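# Observations on the three-dimensional arrangement
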Amino acid sequence: MTPDAAIVLTAAFAAGLVARVLRLPPLLGFLAAGFALAGADAVGSGADLGRPPVIDLLADLGVTLLLFAVGLHLDIRRLLRREVWLTTGLHSLLMVGIGIGFLTGLSALGVAEASGLDLRALALVALALSFSSTVFVVKVLDERNESRSRYGQIAIGVLVVQDVFAVVFVAVSQGSPPSPWAFALLLLIPARRVIVALWERAGRAELQVLFGILMAFVPGYALFDALGLKGDLGALAMGMLLAGAARSDDLAKSIFGVKELLLVAFFLSIGLHGVPDLQQVLTAALLLLLLPVQTLAYVVLLSMLRMRRRTAVLTALVLANCSEFALVVMSTAQDAGLVTERWVTTTAVTVALSFVLSSAVNARAEQISDAIERRWPDPDPGSLDEAERPIPLHDVDALVLGMGRVGSAAHRRLTERGLRVLGIEHDEERVARLQARGVEVVLADATDSSLWRRLVAVRTLRTVVLAMPFHEANLATIEVVRARSFAGTVAAVARYDDEVTELHANGANTVLHVYSGSGVALADAALDGPEEALQP
């Protein structure tokens, strides 16, 4: 390891640790480390760090893996909903117009950075600042364990559509449209069966991690990039192609550690863009005034599309930041002679400051959404989008959250005991299959903390069964259930002994170790005879 690499690693860890001690997201520490390293280099500290190429390489790898992991959890049908594509389109048009006016005003006030920009440059800067950061948003959602929540899925959908806009922008700005062979990428869809078959042969150990990295970087990034499309979009597309496979969740968890480590380089790279002078910092601070407008625009548009206030506010808050893509836009604009080199550093500062501000705001997102909901209540429930309306329990005795194999079995057994049971499941296809068989189940995401605000509680509810495959999801749901003053029995499943202990400590009355339970069921099936043992 070179001395420079040792300095970078030490600075990143130290700054991240300080941020954690101060109860701030570590990514803010990594940003600070980047600026500190750039500043040390600028004043001639003796460590000639410059901008190490390896940092940019690792940052690109991290972003690519992040988008691949996002794709593994993304249902493409969600992108076709109007609250995604219509919101994104209208929001971009609105913010470009507002941004042009705002920058023109800064120029009239004598702000040097905004002076001398023609209409094309003004529109370009406004467009760049209107986008939100995929990396930041997904990190925030992962930390909250709400990537699959209603507002989380809308936010990710908006980011995907923005990435599509980015592909169009890069193609137009560089004067090089995608290759005609890009249409051949559609052949990946029928090839999915072969890819999944290879995946199954890879097992669950190191080959699975290698498979995920291979899919993200070869048919994902490299192939799309070679055909004139955005490589990051290719990684996202490959993740979406594999989403819904039996082991997609396992794959996402397998590459989690690698992705998190590489993303440290991404946040470092933003700070390493250079040390800003006072004028650039002030300009960046002024540009942050667009964030409240951007946030309000999302709230208004989503409310107009019949989303609940809470959903609209949480979506808007998590998207209230500037995108790292703005740096790409500024670099491209600089090469085209539309803006000066100073804009690249100014934009880097704007992005970094937006992360700081957004982190502070999102730390209190629940309280902010509650306050807005009280002052600006939802309209009549019947006027809301179907997925946003209250869920009447109709004298339900038990809720089963997560209707996979374990949840379906629990639902069936409770029903056989004479209880009135309602299942909660986020997979639309699974819900349709269960409803066709006469199972009482509704479409909703059990990991969405706002689900309990949609449930119209009744006194008969006395049992909640948490049958979701992710320990973090079960933990988060227990916290929400108890926070809603539910005094009944909460039962959960766990795979490991430490998970059993943690679930009990957080309020679960009963925890079943699934491997222990499977052993008992296997013994029962063996004693019942071969015919019964073969029953699903």
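Overview of the structure. Because the structure is predicted, anything quoted here is derived from the model rather than measured.

Before going further, it helps to examine the overall build of the chain. For the chain, the helix and strand inventory stands at 25 helices and eight strands. Out of the 536 residues in the chain, the part that is buried amounts to 51%. Counting contacts in the chain only where the partners sit at least 6 residues apart, residues at least 24 apart contribute 74% of the total.

Enumeration over the complete set of coordinates arrives at five salt bridges. Across the pair Arg 420 and Asp 397 runs a salt bridge whose closest N-O atoms are separated by 3.0 Å. In this pair, Arg 420 is assigned in the loop between helix 19 (405–416) and strand 3 (421–425) and Asp 397 in the loop between strand 1 (391–392) and strand 2 (398–401), connecting sequence segments 23 residues apart. Looking at Asp 397, the relative accessible area reads 5%, which means it is buried. As a salt-bridge pair, Arg 430 and Glu 425 come within 3.6 Å of each other at their nearest N and O atoms.

Turning our attention to the pairing of strand 2. The alternating pattern of strand 2 places Ala 398 and Val 400 on one face and Leu 399 and Leu 401 on the opposite face, and all of these are buried. In the sheet, strand 2 pairs with strand 3 via four bridges, with the strands oriented parallel. Across the sheet, Val 400 pairs through a bridge with Gly 423, a residue of strand 3. A crossover connection joins strand 2 to the parallel strand 3 through helix 19; in handedness this β-α-β unit is right-handed.

Within the element layout of this structure, Ser 248 appears in helix 11 (residues 248–254). On the basis of relative accessibility, which here comes to 5%, the residue Ser 248 falls in the buried class. Spatially, the C-alpha atoms of Ser 248 and His 73 are 7.8 Å apart, while their sequence positions differ by 175 residues. If sequence neighbours within four positions are ignored, Ser 248 has contacts with Leu 72, Trp 199, Leu 242 and Ala 243.

In this section: the side chain of Thr 311. Relative to the assigned elements, Thr 311 resides in helix 15 (residues 309–318). Thr 311 sits in the buried class, given a relative accessible area of 3%.

Here is what the cut-offs are and how they apply
- Residues numbered from 1 in each chain as written.
- Predicted model: local features only at pLDDT ≥ 70, side-chain atom pairs only at ≥ 80, totals over all residues.
- Heavy atoms only, no water.
- Helix = DSSP H or I, 4+ residues; strand = E, 2+ residues; numbered from the N terminus.
- Buried < 20%, exposed > 50% of the residue type's maximum accessible area, 1.4 Å probe, protein only.
- Contact = heavy atoms within 4.5 Å.
- Salt bridge = Lys/Arg side-chain N within 4 Å of Asp/Glu carboxyl O.
- Pairing = 2+ DSSP bridges.
- Right-handed = clockwise from strand over helix to strand, strands pointing away.

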